[in-house]
Amino acid sequence: MPKRVRRQAIRLMVMALVWVGVVPAAPAHAGGWPVNVLANGSFELAFTEQPGCGDVGARWGCFTNGGAANYGFYADQWAPVVADGQSSQLIEINTYGVENGDNDRYAGIYQTVRVIPGQSYKLAMRGMIRTTNLDGDPWRYQVQVGYVAGPQLDWRKVRNWTDVGWNTYYPRTEPGAFSDFQAAIIPDTPVITLFIRVWKKWGIGNEELDVNLDAITLAGPAPK
């Protein structure tokens, strides 16, 4: 069974958007590039308890859109669901005890970073989708990425959501292989906020969606 670090019983909550602080300084490097401008993309630093969410990787913020669903964010240290290091970020959406859940439930993380406008950055990450319900619409769960200019708390401002194409779902207690995603980002501003969200499309009751995220990088020239 997964060795999750759980805070308390999963609870129904209203939408929570948590800001994690100031824009981080430019990363140090030894003269070469690309460098990873994201902090803690492999979730090996401490996790922090964030109100309305749970345990979220340090330097990341979190959000949900509430409604008739339950949400959980965990520091997952179960080896089969860790792609790099000792921990991954687990995001859970479930409808246990909810007979008629709401459609289109979202939960995710975000981080604000410094970049060089007009330069190309390579976004890469790994992930795995697990569920208690292996039947139904083959696209009922999605993971998406998007970004906006400047420091931004509101994930609803994103207009460029991109599906990462992870359409393989494993049983919740029987993990499989990690999926990969890569894309190019060419920012127009010196600061952007990257968002990653989990989307549970249907309000089917008494099912659980677990998504592990790990090895997230945004590689390109280091800003001065």
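Residues numbered from 1 in each chain as written. Predicted model: local features only at pLDDT ≥ 70, side-chain atom pairs only at ≥ 80, totals over all residues. Heavy atoms only, no water.

Colleague: Tell me about the overall build of the chain, and please be specific about residues and values.
Modeller: The secondary structure content of the chain amounts to 0 helices and 17 strands. Going through the 224 residues of the chain one by one, you find that 55% of them count as buried. Carbon together with sulfur atoms contributes 53% to the accessible area of the chain, which is approximately 9600 Å² in total. (Helix = DSSP H or I, 4+ residues; strand = E, 2+ residues; numbered from the N terminus. Buried < 20%, exposed > 50% of the residue type's maximum accessible area, 1.4 Å probe, protein only. Areas by Shrake-Rupley, 256 points an atom, 1.4 Å probe, with all protein chains shown as cover.)

Colleague: Give me the state of the cysteines: which residues, what numbers.
Modeller: Counting across every chain of the model gives 1 disulfide. Here Cys 53 connects covalently by a disulfide to Cys 62, the sulfurs 2.2 Å from one another. Classification of the bridge connecting Cys 53 and Cys 62 rests on its S-S torsion, roughly 100°, and on that basis the disulfide is right-handed. Here Cys 53 falls in the buried class, since its relative accessible area comes to 0%. (Disulfide = S-S within 2.5 Å.)

Colleague: An account of the environment of Trp 139 is needed here, citing residue identities and associated values.
Modeller: By the element assignment, Trp 139 lies in the loop between strand 11 (121-131) and strand 12 (141-149). It is 8.4 Å that separates the C-alpha atoms of Trp 139 and Lys 201, two residues lying 62 residues apart in sequence. With sequence-adjacent residues up to four places away left out, Trp 139 is seen in contact with Asn 167, Tyr 169 and Lys 201. (Contact = heavy atoms within 4.5 Å.)

Colleague: Just give me the short version of the pattern of salt bridges, but keep the residues and values in it.
Modeller: By the definition in use, this model includes 4 salt bridges. Linking Arg 126 and Asp 180 is a salt bridge whose minimum nitrogen-to-oxygen distance equals 2.8 Å. Here Arg 126 is found in strand 11, whereas its partner Asp 180 is found in strand 15 (residues 179-185), with 54 residues between them in sequence. For Arg 126, a relative accessible area of 29% corresponds to the partly exposed category. We note a salt bridge from Asp 154 to Arg 156, for which the minimum N-O separation is 2.9 Å. Residue Asp 154 is classed as buried on the basis of its relative accessible area, which comes to 14%. (Salt bridge = Lys/Arg side-chain N within 4 Å of Asp/Glu carboxyl O.)

Colleague: Tell me what's going on with the side chain of Gln 142, and back it up with residues and numbers.
Modeller: Mapped onto the secondary structure, Gln 142 falls in strand 12. Gln 142 sits in the buried class, given a relative accessible area of 10%. Other than its neighbours up to four places away in sequence, Gln 142 contacts Asp 163, Arg 197, Val 198, Trp 199 and Lys 201.

Colleague: Let's hear about the environment of Lys 122: which residues, and what values?
Modeller: Here Lys 122 lies in strand 11. In this structure, the C-alpha to C-alpha distance between Lys 122 and Ala 219, residues 97 residues apart in sequence, is 5.1 Å. Here the side chain of Lys 122 touches Gln 182 through a polar contact of 3.4 Å, side chain to side chain. (Polar contact = N/O pair within 3.5 Å; in protein donor to acceptor, adjacent residues only side chain to side chain.)

Colleague: I'd love a proper account of the confidence of the model for the chain, names of residues and values included.
Modeller: The predicted coordinates of low-pLDDT regions are not to be read in fine detail. When pLDDT is averaged across the chain, the result is 89; 85% of the residues are at 70 or more. Between residues 3-31, whose pLDDT stays under 50, and residues either more than four places distant or in other chains, the model counts 93 contacts. (pLDDT = per-residue confidence, 0-100.)

Colleague: An account of the side chain of Lys 200 is needed here, citing residue identities and associated values.
Modeller: Relative to the elements of secondary structure, Lys 200 occurs in strand 16 (residues 191-200). Each residue touching Lys 200, except ones within four places of it in the same chain, is listed here: Ile 93, Thr 95, Asn 103, Asp 104, Arg 105, Arg 140, Tyr 141, Glu 207 and Leu 209.

Colleague: A description of the nonpolar core should follow, citing residues and the corresponding values.
Modeller: Ranked by internal contacts, the top residues of the largest apolar core, which has 41 residues, are Ile 109, Met 125, Val 143, Ile 196, Leu 213, Ile 216 and Leu 218. Sorting the residues of this core by element identifies strand 8 (70-76), strand 9 (88-94), strand 10 (105-114), strand 11, strand 12, strand 15, strand 16 and strand 17 (208-220) as the ones contributing at least two each. Per-element accounting of this core gives the leading share, 5 residues, to strand 17. Ranked by size, the runner-up nonpolar core spans 9 residues in total, among them Tyr 110, Val 158, Phe 195 and Trp 199. (Core = buried A, V, L, I, M, F, W, Y, C linked by side-chain atoms within 4.5 Å.)

Colleague: How would you sum up the environment of Asn 94? Please name residues and give values.
Modeller: Take Asn 94: it is sitting in strand 9. Accessibility expressed as a relative area gives 1% for Asn 94, which makes it buried. Distance from Asn 94 to Gly 205, taken between C-alpha atoms, is 8.2 Å for residues 111 residues apart in sequence. At 3.0 Å, the side chain of Asn 94 forms a polar contact with the backbone nitrogen of Tyr 96.

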